[in-house]
Amino acid sequence: MDRYAEQRLFGWLARGAAALVVSVLILVIGVTIYRGGRVFLTDPAIAFTPPGSRYMLEGEGGFFHAVLGSVFIVVPATVISTILAVSTAVYLQSDYSSDRFSDVVNMFLNVLWGTPPIVYGVFILTVIIAIGAQTSLFFGIVAIAIFQYPIVTRYTDEALRSAPETVKEAAYGLGSTRFETARMTVRAALPGVIAGIVMGFARGIGDAATVLFTAGRSTRMPSGLFEPSTTLPVLIFDQAMSFNAEVRSHAYAASFILTVAVLGLILVSKLLAGRYARYAPGGRNS
Amino acid sequence: MVESTEPTDPEQGARIDRRLLAERLSSQWLRGAGYFAIALFALIVLMLLYQSLPLLSEYSLVQVLASSNWDPARNEFGFLPAIVGTIYVTGLTMLMGTPIAILTAIYIAEYAEGRTKVIVSSFIDVLAAIPSVIFGLVALIVVVPFVGDYLAPAVGSGGTGLGIFTVSLVMAIVVTPFMISLSAESLEALPDELRESSLGVGATKWETIKSVLLRAAGPGIFSAILLGFGRVFGATIVPAMLIGGQTQLPDSPFATGQTLPTLIVNDFGELMSLPLTQSALIFVGLMLVIVVWLFNFTAMLVRQRLQRRWQY
């Protein structure tokens, strides 16, 4: 094979691989919308009717309890992880810590970033066992919060690093304290920070492995902070494994809602990142 | 800075005191947050280790890792089938996913231009963010019948389509977007002089990519693959939905099996009450942390070598 034939072959292979990956995405979203949309349109009531007592077996009722559970778990979790993540990212800036310290912390953040979600679930479960509690909304929140923490920290750290240095210089020049300067830097990097928070939220709302053993697999409306609850991904997981075809079809309706929510969140984060690129000096498109 | 100001006006002095107090309190809080990542990691490892001790005091490590009998009800804890299943799934996934990931990364970094590039790379970002439970669900109607009705009979295997091969195929889809964006990033970070000088001495575009760019970005791509390994290794939901869940040593790629994470998912519900089983499943969590940590650490070392070797 001469070099030009090889060049053509691999050129087409590269295009083919990209086309394959893109068409898989279109297939996944298409199937979810087609199947889920069909179930949804024939019986829109399943979204809101409260689940019956034989919910998992016979599919009485809907999945609104899981939507509520997802919101009640992921919103507070995102608030907690954001507070922690922004604080950590600020501390890793050069005003507060040395390069060496932030290298060490970044190593641990990378390890936490790569840690499988199931491990966070098992970890929180060991805490539940140790203090003799039961699975509940509260532990679901804690598990999702520590799952999101490294994700949000990484995005925030990146946004703070690419914030214009002049903001910092101006703030110090006017006699600000470190804390006041850090607040100004965070404000300057805010669109990037928010894009990171939205990404963390999207990852948190889609994850099942962390909540499986921490929030429980309740089939009722969430009724209190220390009561078992469930989330959409856990519900989809349980319904998909059901032997009842009708229950399985409900999984598609629920996954339709979840897909739309995640796609919407990504769109929001893209828009924010686009705005951010406009403000950054020499803004690159991301 | 601020201390040197001599406040003449008592009200101004109070304001400065307040600002200094805020500064001092916030430093304490931020210092705590800075150490949080380390503390969290240490706490996770210690808790998992502590709760695995009942198992490890009863059986030796070798005994548990090398035995293939998994029957918690009779107090037999052999992790070998799950370990073999995990290695099987991870290996097959990487075999299918890596070439596609590298080729797509080459397409994004070297071939695509302008709008196409923006569209393709944002499609890949979206693919990376889709919850894995949705991949599992779609695979149940698309991949499982395909494997069960056509692929497995074609190579002379039976089964329903649930099994190690199906899991690997779907995991290859789940993990590639992540490897693509990391690999494309390290290709794009290479300086243009590399491309120019290679093309300048008469190499074709593909020869430039193959012998110059891939080699220069090699460590970055290698570390992306290692991180992908870690992802597949700890994947839980997709294997739990598609592997079929039988604890035996798999004899073919189409056999059903068990991976370490699915062991936790399948057995925790019923067996929480047996203290030794509980400990055994928490030990699985500990194994996952340690292996993923090794993958991450290796990836980091490789990346550091990249930085040292390719300083332009």
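Everything numeric in this text was worked out from a predicted model, so none of it was measured. (Residues numbered from 1 in each chain as written. Chains lettered and ligands numbered in written order. Predicted model: local features only at pLDDT ≥ 70, side-chain atom pairs only at ≥ 80, totals over all residues. Heavy atoms only, no water.)

Colleague: For the UniProt feature "domain: ABC transmembrane type-1" (unreviewed entry) in chain A, give the residues involved together with the corresponding values.
Modeller: Within this structure's numbering, the places UniProt gives as "domain: ABC transmembrane type-1" (unreviewed entry) are residues 67–269 of chain A. The span residues 67–269 of chain A shows a helical share of 75% and a strand share of 0%, and its end C-alpha atoms are spaced 21 Å apart. (UniProt positions renumbered as here; feature names shortened; annotations may be inferred. Helix = DSSP H or I, 4+ residues; strand = E, 2+ residues; numbered from the N terminus.)

Colleague: Account for the packing of helix 1 (residues 3–42) of chain A against helix 4 (residues 114–129) of chain B, with residues named and values stated.
Modeller: One can describe the packing of helix 1 of chain A onto helix 4 of chain B by two numbers: an axis separation of 10 Å at closest approach and a directional angle of 50°. With respect to their mutual orientation, helix 1 of chain A and helix 4 of chain B come out oblique. When the axes of helix 1 of chain A and helix 4 of chain B are compared, the crossing they make is left-handed. Contacts between helix 1 of chain A and helix 4 of chain B involve Val21, Val22, Leu25 and Ile26 of chain A from the first element and Val120, Phe123, Ile124, Val126 and Leu127 of chain B from the second. Residues that form the contact of helix 1 of chain A with helix 4 of chain B fall into these classes: nine nonpolar, no polar and no charged. (Axes fitted to C-alpha atoms, helices over the stretch in contact; angles between N-to-C directions. Parallel < 35°, antiparallel > 145°, perpendicular 65-115°, else oblique. Left-handed = near helix turned anticlockwise from the far one by under 90°. Contact = heavy atoms within 4.5 Å. Nonpolar A, V, L, I, M, F, W, Y, C, P; charged D, E, K, R; others polar.)

Colleague: Describe empty space enclosed by the protein, naming the residues involved and giving the relevant values.
Modeller: The full count for this structure, using the stated rule, is five cavities of 30 Å³ or more. Approximately 70 Å³ is the volume found for the largest cavity. What lines the largest cavity is simply Val90, Gln93, Asp95, Tyr96, Leu160, Lys168, Thr181, Ala182, Thr185 and Val186 of chain A. For the lining of the largest cavity, the per-class residue count stands at five nonpolar, three polar and two charged. Counted as a void, the second largest cavity has a volume near 60 Å³. Lining the second largest cavity are Trp113 and Gly114 of chain A together with Phe178, Leu227, Gly230, Arg231, Val292, Phe295 and Asn296 of chain B. At the level of secondary structure, the elements contributing two or more residues to the lining of the second largest cavity comprise helix 4 (99–114) of chain A together with helix 9 (218–234) and helix 12 (275–309) of chain B. (1 Å grid on protein atoms, 1.4 Å probe; cavity = no way out; pocket = protein on both sides within 12 Å on 5 of 7 lines; lining within 4 Å. Points joined across faces, edges and corners; volume = space filled by probe spheres on them.)

Colleague: Quick rundown of helix 10 (residues 232–240) of chain A? Include the residues and the values.
Modeller: Across the nine residues of helix 10 of chain A, nine count as buried, placing the element largely inside the fold. Taken as a whole, helix 10 of chain A has its buried residues at Leu232, Pro233, Val234, Leu235, Ile236, Phe237, Asp238, Gln239 and Ala240 of chain A. (Buried < 20%, exposed > 50% of the residue type's maximum accessible area, 1.4 Å probe, protein only.)

Colleague: I'd like a rundown of the packing of aromatic side chains, residues and numbers included.
Modeller: Going through the model one piece at a time under the given rule, you end up with 15 aromatic pairs over all chains. Ring centres of Tyr91 of chain A and Phe101 of chain A lie 5.7 Å apart, and the angle between their planes is 85°; on these two criteria the pair is classed as edge-to-face. Linking Tyr91 of chain A in helix 3 (residues 64–91) with Phe101 of chain A in helix 4, this pair joins segments that are ten residues apart in sequence. Measuring from centroid to centroid gives 5.2 Å for Phe138 of chain A and Phe139 of chain A, while their planes differ by 75°, and the two rings are edge-to-face. Clustering of aromatic rings is evident, with ring pairs tying together Tyr91, Tyr96 and Phe101 of chain A together with Tyr35 of chain B. (Phe/Tyr/Trp six-rings, centres within 6.5 Å; stacked < 30°, edge-to-face > 60°.)

Colleague: Could you give an account of a nonpolar patch on the surface, with specific residues and numbers?
Modeller: On the surface, Val71, Phe72, Val75, Val79 and Ile83 of chain A together with Trp29 of chain B cluster together into a nonpolar patch covering about 520 Å² of accessible area. Ranked by the residues each element gives to the nonpolar patch, the list is headed by helix 3 of chain A, at five residues. Along the polypeptide, Val71 of chain A turns up in helix 3. Since its relative accessible area comes to 38%, Val71 of chain A is described here as partly exposed. (Patch = residues over 30% accessible without salt bridge, like charges linked within 9 Å, V, L, I, M, F, W, Y side chains within 5 Å. Areas by Shrake-Rupley, 256 points an atom, 1.4 Å probe, with all protein chains shown as cover. Salt bridge = Lys/Arg side-chain N within 4 Å of Asp/Glu carboxyl O.)

Colleague: An account of the interface of chain B and chain A is needed here, citing residue identities and associated values.
Modeller: With 78 residues of chain B at the contact, the number on the chain A side is 81 residues. Carbon and sulfur atoms make up 79% of the surface buried where chain B meets chain A, a total of about 7,200 Å² over both sides. On the chain B side of the contact with chain A, Leu30, Leu137 and Trp206 of chain B bury the most area, a combined 8% of that side's loss. At the junction of chain B and chain A, the tally comes to four salt bridges. (Buried area = accessible area lost by both parts, 1.4 Å probe.)

Colleague: Give a description of the side chain of Thr181 of chain A that names residues and reports values.
Modeller: Residues and elements named next belong to chain A. Tracing the chain through its elements places Thr181 in helix 8 (residues 178–188). Within polar-contact distance, the side chain of Thr181 engages the backbone oxygen of Thr177 at 2.8 Å. Excluding residues that lie within four positions of it along the chain, Thr181 makes contacts with Lys168, Ala171, Tyr172 and Ser176. (Polar contact = N/O pair within 3.5 Å; in protein donor to acceptor, adjacent residues only side chain to side chain.)

Colleague: Describe the confidence of the model for chain A, listing the residues and the values that go with them.
Modeller: The pLDDT averaged across chain A works out to 84; a share of 90% of its residues lies at or above 70. Contacts for the low-pLDDT stretch residues 281–286 of chain A, under 50 throughout, to residues beyond four places or in other chains number four contacts. (pLDDT = per-residue confidence, 0-100.)

Colleague: Help me get a handle on the pattern of salt bridges, residues and values and all.
Modeller: Pairs can form between side chains of opposite charge once their charged atoms are near each other. Residue and element names in this part refer to chain B. Counted according to the given criterion, the structure contains nine salt bridges over all chains. Notably, a salt bridge pairs Glu110 with Arg195, separated by 2.9 Å at the nearest N-O pair. Highlighted residues: Glu110 in helix 3 (residues 80–111) and Arg195 in helix 7 (residues 192–200), separated in sequence by 85 residues. Arg195 gets classed as buried once you look at its relative accessible area, which sits at 14%. The partner of Asp192 in a salt bridge is Arg195, and the shortest N-O contact between them spans 2.9 Å. Of this pair, Asp192 and Arg195 both sit in helix 7, three residues apart, which is roughly one turn of that helix. Each of the salt bridges in this network shares a partner with another, and the network as a whole consists of Glu110, Asp192 and Arg195.

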